[in-house]
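Residues per chain, in single letters:
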Amino acid sequence: MLARTWQVIVKELLHFRRDRVLAAFLFIFPVMQLFLVAQTAGSDASNLPLAVFDQDRSPESRALIQALDNTTELALRYTPASLAEVQRLLDTGAATAAVVIPPGLAASLQAAGNPAQVQVLVDGSNVTGSSAALAAAEGALTSTLLRTIASRGGTALAAANSPATPAVALATTVRFNPELVGRYVAIPGLFAFIVYQIAMVVASVTLVRERELGTLEQLAVTPVRRVELLTGKGIPAILVGMANFFLLLAVVVGPLGVPMRGSYTLLAALSTLFVATEVAVGLVVSAVSRTQQQAVLIVFPLAMLDFALSGYLVPVESMPRGLQVLSLFSPLRHYMKILKDIMLKGADMSTLWPSALALAGLALVVGLLALRNVMRSFE
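Fair warning: this is a prediction, and the values are worked out from it, not measured in the lab. (Residues numbered from 1 in each chain as written. Predicted model: local features only at pLDDT ≥ 70, side-chain atom pairs only at ≥ 80, totals over all residues. Heavy atoms only, no water.)

(A) Main features of the overall build of the protein chain. When you go through the protein chain residue by residue, the secondary structure sums to 16 helices and five strands. For the protein chain, the proportion of its 379 residues judged to be buried stands at 47%. If you take every contact in the protein chain between residues at least 6 apart in sequence, the share linking residues at least 24 apart comes to 79%. Surface exposure of the protein chain reaches about 18,200 Å², of which carbon and sulfur atoms provide 64%. (Helix = DSSP H or I, 4+ residues; strand = E, 2+ residues; numbered from the N terminus. Buried < 20%, exposed > 50% of the residue type's maximum accessible area, 1.4 Å probe, protein only. Contact = heavy atoms within 4.5 Å. Areas by Shrake-Rupley, 256 points an atom, 1.4 Å probe, with all protein chains shown as cover.)

The structure is reproduced here in structure tokens:
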């Protein structure tokens, strides 16, 4: 009995050794997944891109800018020359926060009178980053202004202590999500991830199912060309993914109450591009897998890695530099930005084109890779 059991054990171990894809999944993918998720999930919001529009250009305003840049949460990236440029940076998501320093700030700190109003604007479409950026900016500005006022004494200090005539007033504005409602950001992110999973899983079992049924060899000897086979397998998966998208969109906008401020047509078009990209990835997985179970097992760690790199857990800017570069190759990252920008900001192609172009490029590259692997599966 023990000898027979041992023979079965040896047989299974030999099977694991010969199946390189499954072996990679069992030993390499879990380590990569744990490392990458830990690197992203364990990071606090930091190095969030900051824009400062300095209209005073005085030593006092430069001290404020230096204090903002010295925080761990904020990194000065932009010095716009107009309010229109400030708005563009927030609309495109290039800046998480913007500070507008008014003209006459230094004069307001030296004498009582009308208060100078320093504006703090944050992008509310990312609740985690926005909250951290807002708190850091308010803390840095307040402490620096109080130190400056206290060092001058006299009428400025009296004015600062007077609730009726403060020397400087902070005005904070949260754009796109004024109340920082977390569900307005969390739900679109989950929405994108579910669409991603459905498209990947459906596509990942198409070719390998044929292999398991023994019909893949029959397809190899038919007049069907490889491109035609890939298209025939991909289009139904895209249709299933888009049907799932429209169903989930109705739930998100309806019962869940997430605002939809942009174009439904534009969102549907870019979602089709995203689903097509993920279907191509699924076809690559299907072409290299030997069983449906193996294909599904490969999809899940890939999904977790994409989810960790998408910016859903923490802002991409707060990740280590290497992971930021790696996230550029994640279609989910670009699609989450598109989804949130259209739904919460009402964005159009004038601001979405970088993300749309990245998705199109990834779709082309992955599509060619899928075609190559489909051709190899018939050799």
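From this point, things continue past the structure.
(B) Representation of the layout of surface pockets within the structure. For the largest pocket, the calculated volume is near 840 Å³. Taken together, 31 residues line the largest pocket, and the ones lying closest to its centre are G93, V316, E317, R333 and K337. Elements represented by at least two residues in the lining of the largest pocket include exactly β2 (74-78), α14 (321-327), α15 (331-345) and α16 (349-377). At seven residues, the largest contribution of residues to the lining of the largest pocket is made by α15. (1 Å grid on protein atoms, 1.4 Å probe; cavity = no way out; pocket = protein on both sides within 12 Å on 5 of 7 lines; lining within 4 Å. Points joined across faces, edges and corners; volume = space filled by probe spheres on them.)

(C) Representation of the pattern of salt bridges in the model. Tallied over the entire structure, the rule returns four salt bridges. Ionic pairing is found between R175 and D91, a salt bridge with its closest N-O pair at 3.4 Å. A residue pair is termed long-range when its members are at least 10 positions apart, and R175 in strand β5 (residues 168-175) and D91 in helix α4 (residues 83-92) qualify at 84 residues. Linking K337 and D341 is a salt bridge whose minimum nitrogen-to-oxygen distance equals 3.0 Å. Remark: D341 and K337 occur in helix α15; sequence separation between them is four residues, near one turn of the helix. Relative accessible area serves as the criterion here: at 27%, K337 is assigned to the partly exposed category. (Salt bridge = Lys/Arg side-chain N within 4 Å of Asp/Glu carboxyl O.)

(D) Spotlight on unusual backbone geometry. The phi torsion at R57 lies on the positive side, around 50°, for a residue other than glycine. Owing to a relative accessible area of 65%, R57 belongs among the exposed residues under this scheme. Phi is positive for F176, which is not a glycine, with a value near 75°. Within the element layout of this structure, F176 appears in the loop between β5 and α8 (183-204).

(E) The arrangement of a nonpolar patch on the surface in detail. On the surface, V325, L326, L328 and F329 cluster together into a nonpolar patch covering about 370 Å² of accessible area. Within the secondary structure, V325 sits in helix α14. (Patch = residues over 30% accessible without salt bridge, like charges linked within 9 Å, V, L, I, M, F, W, Y side chains within 5 Å.)

(F) Quick look at the nonpolar core. One finds F191, F245, F274 and I342 to be the most contacted residues of the largest nonpolar core, which totals 54 residues. Contributing elements (two or more residues each) for this core: α8, α9 (206-213), α11 (226-253), α12 (264-288), α13 (292-309), α15 and α16. With 27 residues, the next largest nonpolar core counts A67, A97, V118 and A133 among its residues. (Core = buried A, V, L, I, M, F, W, Y, C linked by side-chain atoms within 4.5 Å.)

(G) Highlighting α4. Along α4, the residues classified as buried are V86, L89, L90 and T92. Among the residues trailing α4, G93 stands out with phi positive, at a value near 85°.

(H) Representation of the packing of α9 against α12. Where α9 contacts α12, the two axes come as close as 6 Å, and the packing angle between them is 25°. When the axis of α9 is compared with that of α12, the two are roughly parallel. Contacts between α9 and α12 involve T206, L207, V208 and R211 from the first element and L283, S286 and A287 from the second. (Axes fitted to C-alpha atoms, helices over the stretch in contact; angles between N-to-C directions. Parallel < 35°, antiparallel > 145°, perpendicular 65-115°, else oblique.)

(I) Spatial organisation of the pairing of strand β3 (residues 97-101). With five of its five residues buried, β3 lies for the most part within the structure. Here β3 shows two buried faces, one formed by A97, V99 and I101 and the other by A98 and V100. With five bridges joining them, strand β1 (residues 48-54) and β3 adopt parallel strand pairing. Along β3, the bridge assignment pairs L50 with A97. (Pairing = 2+ DSSP bridges.)

(J) Up close: the pairing of β1. Among the seven residues in β1, seven count as buried, and that is most of the element. Burial along β1 is two-sided: L48, L50, V52 and D54 facing one way and P49, A51 and F53 facing the other are all buried. In this structure, β1 lies alongside β2, joined through four bridges in parallel fashion. The residue bridging A51 from the neighbouring strand is Y78, located in β2.

(K) Structural detail: helix α3 (residues 59-69). What α3 keeps buried is the set E60, S61, L64, I65, A67 and L68. Down the axis, α3 shows its buried residues gathered within 160° of arc, on one side only. (Arc of directions from axis to C-beta.)

(L) Seen up close, the packing of aromatic side chains. Taken as a whole and judged by the stated rule, the model has seven aromatic pairs. Between F193 and Y196 the ring centres are 5.9 Å apart and the planes differ by 15°, which places this aromatic pair in the stacked class. Residue F193 and its partner Y196 are both found in helix α8; the two are separated by three residues, about one turn of the helix. The same class applies to F193 as to Y196, namely buried. (Phe/Tyr/Trp six-rings, centres within 6.5 Å; stacked < 30°, edge-to-face > 60°.)

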